[in-house]
Amino acid sequence: MNKKITIAIDGFSSTGKSTLAKQLANHLGYIYVDTGAMYRAVTLFAMQNGYINAESFDKQTLITSLPNIKLQFKFNADLGFGEMYLNGVNVETEIRTIEVSSFVSKVAEVSEVRAKLVEQQKEMGKDKAIVMDGRDIGTVVFPDAELKIFMTASATTRAQRRYDELVAKGDAVTFEEVLKNVEERDYIDTHRKDSPLVMAEDAMEIDNSHLNRKEQFDLVLELVNEITKTI
Ligand code: DC
């Protein structure tokens with residue numbers, strides 16, 4: 001039987017990391033963890049409690065409140081992945097709004113937030129057989145992952161994908177607004193002091209601007225098969 005491995009998928013926002021990660025996890029029977037959902041849920045908590053808004057961010061109070069934040073993924077068999085629960089409430093839809101997207105990078109800059117979430121992520125992956133996507137998975141969470149993928153695509157390609165998703169859900173957004181958000185998040189994610197988004201030295205870079213979902217999946221599955229054969 002093939003050995004179980006750890007698959008780390010990092011990259012810029014809206015590069016389709018979660019699509020690929022879900023495909024792989026379903027095919028391999030692995031656990032899938034969307035770490036962006038965890039940062040988004042902490043952001044939603046900060047918004048609900050008035051710690052962050054367009055004018056201000058009370059970082060210190062959020063840090064003090066971290067022990068009151070309980071995050072869980074509960075598997076939804078119909079969807080085929082774990083939905084995000086914040087203190088027992090399903091927040092899967094709420095964490096995907098443009099408001100949450102506009103604050104999440106600021107929350108993700110806070111080292112205390114990162115430390116709490118990274119600890120939980122390491123625990124989820126201790127038995128391997130996991131596909132985790134985020135920004136620091138191959139560099140910080142699982143530096144020893146057997147397979148590391150770093151996904152890129154042009155900012156306009158990514159904004160178009162995110163715009164189509166939001167419009168399909170009925171969100172009233174403009175393409176310019178989404179593009180601005182994608183570019184701002186790229187900037188903050190790559191420039192923050194703690195665990196900036198960088199490609200791990202041993203990661204395989206995939207630019208999927210011109211790859212469809214199937215082509216991308218087949219490419220990565222081939223890598224998985226090569227690795228599991230040799231370990
Ligand atoms: O993958 P996403 O777009 O849902 O992630 C939301 C934000 O969370 C992203 O802008 C940066 C942050 N993030 C992070 O800092 N580290 C991770 N491992 C995952 C996400």
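For every chain, the first residue of its written sequence is number 1, and the numbers climb from 1 along that sequence. Where local features are concerned, this predicted model is filtered to residues with pLDDT of at least 70; where side-chain atom pairs are given and counted, the filter is 80 or more; whole-chain, interface and lining totals use all residues. Computation of side-chain values covers all heavy atoms of the structure but excludes hydrogens and water.

(A) Main features of helix 2 (residues 35-48). Each helix is a run of H or I in the DSSP string that is no shorter than four residues. Each strand is a run of E no shorter than two, and both are numbered from the N terminus. Expected span of a helix: the number of residues minus one, times 1.5 Å. Counted at 1.5 Å a residue, the expected span for helix 2 with its 14 residues is 20 Å, and the 20 Å between its end C-alpha atoms agrees. A simple rule labels every residue: compare its accessible area, found with a 1.4 Å probe on the protein chains alone, to the largest value its type can have, and call it buried under 20%, exposed over 50%, or partly exposed in between. Along helix 2, 11 of the 14 residues are buried, which leaves the element largely enclosed by surrounding structure. For helix 2, the set of buried residues is Thr35, Ala37, Met38, Tyr39, Arg40, Ala41, Val42, Thr43, Leu44, Phe45 and Ala46. A distance of 3.1 Å separates the backbone nitrogen of Gly36 from a side-chain oxygen at the start of helix 2, and that oxygen is part of Asp34. At the exit of helix 2 stands Gly50, carrying a positive phi of roughly 75 degrees. For this analysis, a polar contact is any N or O atom pair within 3.5 Å, provided that within protein one partner can donate a hydrogen and the other can accept it, and provided that sequence-adjacent residues contribute only side-chain to side-chain pairs.

(B) Quick look at the environment of Arg192. By secondary structure assignment, the location of Arg192 is in the loop between helix 8 (175-191) and strand 8 (204-207). Its relative accessible area of 4% is what places Arg192 among the buried residues. In this structure the C-alpha to C-alpha distance between Arg192 and Ala108, which are 84 residues apart in sequence, comes to 8.9 Å. Non-local contacts of Arg192, meaning those with residues more than four positions away in its chain, are made with Ala108, Glu109, Arg114, Arg135 and Leu197. In terms of polar contacts, Arg192 uses its side chain to reach the backbone carbonyl oxygen of Ser195, at 2.9 Å. Contact between two residues is taken to exist if any of their heavy atoms lie within 4.5 Å; hydrogens are not considered.

That's the geometry; what it means functionally is another story.
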